[in-house]
Amino acid sequence: MAVAPVKSAQVAPKSIAIGLSLATLGAVAFSGKAIIVKLAYRHGVDAVTLIMLRMLFALPFFLGLSWWASRPMPGKTPPPLTRKDWLGVIWLGVTGYYLASFLDFAGLQYITASLERLILYLNPTLVLLLGFVFARRRIGRTQALGMAISYGGVLLVFGHEVTLQGADVALGAVLVFLSAVSYALYLFYSGEIVQRLGAMRLVGLATSVACVLCIVQFVVLRPLDSVWAVAPTVVWLSVLNATVCTVVPVMMVMMAIERMGSGLAAQVGMIGPMSTMLMGVLLLGEPFTAWLVAGTVLVIAGVFVCSRARP
């Protein structure tokens, strides 16, 4: 009986260390998505075509994830999908992945990758607001303070970009903010179905739905032969986006949560805006200013305050 605690104490730090590494790499890989999109836009591709390519290459991986998470295990058989489950999966696929992704890609045509990441990082505060509006959940004073700090940081960077790049920044910021709202709706409404289907199974199914919608959108809005006019560089960037910046980080974050819990994994995810800012400066030549640094610090600090506060 005395041996088990010693073994657990030896294993736990190693498990946490692996979890921290996975969460860090996952956050950085997620952040690289905006960088790849901005690089692809330099080759004259539009948002409809670009997101179709990303989802086309990601679809086989997410279908595989759905199958893997749905297979029977010894002593555990996943529940069959009911009509209500399918409606929920489709709804979450539309809001959490299709709309959120398309609006994000469209907005990146007008704003820097750093501002895009800061706006998307407001997701926890948007979930709080949705809870207040639809579930009458009270927002505590500390949470309200954290939200004010975060939005102040975004407005600081936004105001600086408007002076540098003009009014199109407003359009891009609105599109990305709507993307964040769409994903917040996914987070807000996914709780019940996650408990029934499991996180991996839901992610695989919902993202597969989004992939199909993005492909159908391209077929409806663009001539099919226009895909052959896409520069080869855009195709390879889309492959990279679909794998390294989409499928791989999803798996890394899930494995990190298994090892150290969602709370610590979320805190490690705060490295995302900073890594986007650094990659934007080094790979895209985006301006590195005191305004950007100050805004990033405010957004991260505000989200941290919200996540640590009691409701």
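Residues numbered from 1 in each chain as written. Predicted model: local features only at pLDDT ≥ 70, side-chain atom pairs only at ≥ 80, totals over all residues. Heavy atoms only, no water.

Participant: Got a sec to walk through the state of the cysteines? Specific residues and values, please.
Facilitator: In this structure the tally under the stated criterion is zero disulfides. Free of any disulfide, cysteine 211 has its nearest neighbouring cysteine sulfur in cysteine 214, separated by 6.8 Å. Here cysteine 211 falls in the buried class, since its relative accessible area comes to 0%. (Disulfide = S-S within 2.5 Å. Buried < 20%, exposed > 50% of the residue type's maximum accessible area, 1.4 Å probe, protein only.)

Participant: Help me get a handle on the confidence of the model for the protein, residues and values and all.
Facilitator: Do not read the predicted coordinates in detail wherever pLDDT is low. Looking at the protein as a whole, the pLDDT averages 84, with 92% of positions reaching at least 70. Element-level mean pLDDT values for the protein span from 65 in helix H11 (residues 262–268) up to 93 in helix H2 (residues 47–70). Predicted confidence for residues 1–11 stays below pLDDT 50, and this span has zero contacts to residues more than four positions away or in other chains. (pLDDT = per-residue confidence, 0-100. Helix = DSSP H or I, 4+ residues; strand = E, 2+ residues; numbered from the N terminus. Contact = heavy atoms within 4.5 Å.)

Participant: Before we move on, could you go through the packing of aromatic side chains and cite the residues and values that matter?
Facilitator: Counting across every chain of the model gives seven aromatic pairs. Relative to tyrosine 183, the ring of tyrosine 97 has its centre 6.2 Å away and its plane inclined at 80°; by these criteria the two rings are edge-to-face. Here tyrosine 97, found in helix H3 (residues 83–107), pairs with tyrosine 183, found in helix H7 (residues 168–189); they are 86 residues apart in sequence, far enough to count as distant. Look at tyrosine 97 and you get buried, because its relative accessible area is 15%. One aromatic cluster is present, formed by Trp91, Phe134, Phe188 and Tyr189 through successive ring pairs. We note arginine 71 situated over the ring of tryptophan 68; from NZ or CZ to the ring centre the distance is 3.5 Å. (Phe/Tyr/Trp six-rings, centres within 6.5 Å; stacked < 30°, edge-to-face > 60°. Lys NZ or Arg CZ within 6 Å of the ring centre and 35° of its normal.)

Participant: Could you give an account of the side chain of glutamine 217, with specific residues and numbers?
Facilitator: Here glutamine 217 is to be found in helix H9 (residues 199–221). In this structure, glutamine 217 is in contact with Val48, Ile51, Tyr98 and Phe102, ignoring residues within four places of it in sequence.

Participant: So what's going on with a nonpolar patch on the surface? Residues and values would help.
Facilitator: On the surface, Trp91, Phe132, Val133, Phe134 and Tyr189 cluster together to form a nonpolar patch covering roughly 530 Å² of accessible area. Tracing the backbone through its elements, the reader meets tyrosine 189 in helix H7. Owing to a relative accessible area of 39%, tyrosine 189 belongs among the partly exposed residues under this scheme. (Patch = residues over 30% accessible without salt bridge, like charges linked within 9 Å, V, L, I, M, F, W, Y side chains within 5 Å. Areas by Shrake-Rupley, 256 points an atom, 1.4 Å probe, with all protein chains shown as cover. Salt bridge = Lys/Arg side-chain N within 4 Å of Asp/Glu carboxyl O.)

Participant: How would you summarise the packing of H9 against helix H10 (residues 232–260) if you had to cite specific residues and measurements?
Facilitator: For the pair H9 and H10, interaxial distance at closest approach is 11 Å and the crossing angle is 165°. Classified by the angle their axes make, H9 and H10 are roughly antiparallel. Where H9 crosses over H10, the two elements pack in a sense that is right-handed. Two secondary-structure elements touch here, H9 through Ala199, Met200 and Val203 and H10 through Val250, Met251 and Met254. Residues of the contact of H9 with H10, tallied by class, amount to six nonpolar, no polar and no charged. (Axes fitted to C-alpha atoms, helices over the stretch in contact; angles between N-to-C directions. Parallel < 35°, antiparallel > 145°, perpendicular 65-115°, else oblique. Left-handed = near helix turned anticlockwise from the far one by under 90°. Nonpolar A, V, L, I, M, F, W, Y, C, P; charged D, E, K, R; others polar.)

Participant: How would you explain the nonpolar core if you had to name every residue and give the values?
Facilitator: Of all hydrophobic cores here, the largest spans 47 residues; its most connected members are Tyr41, Leu50, Val89, Phe105, Val203 and Val234. For this core, the secondary-structure elements that each account for two or more residues are helix H1 (3–41), H2, H3, helix H8 (191–197), H9, H10 and helix H12 (271–284). Take this core: its biggest share by element is eleven residues, from H2. Non-local contacts of phenylalanine 105, meaning those with residues more than four positions away in its chain, are made with Lys33, Val37, Tyr41, Ala47, Leu50, Ile51, Arg54 and Asn241. Val176, Ala184, Val299 and Ile300 belong to the second largest nonpolar core, which has 24 residues in total. (Core = buried A, V, L, I, M, F, W, Y, C linked by side-chain atoms within 4.5 Å.)

Participant: Explain the packing of helix H4 (residues 113–120) against H7 to me, using residue names and the numbers behind them.
Facilitator: The geometry of H4 relative to H7 is characterised by a closest axis approach of 9 Å and an angle of 35° between their N-to-C directions. H7 is crossed by H4, and the crossing has right-handed handedness. Note on element contacts: H7 touches H4 through Val169, Ala173, Val176, Phe177, Ser179 and Ala180, opposite Leu115, Glu116, Ile119 and Leu120. Grouping the amino acids of the contact of H4 with H7 by side-chain chemistry returns eight nonpolar, one polar and one charged.

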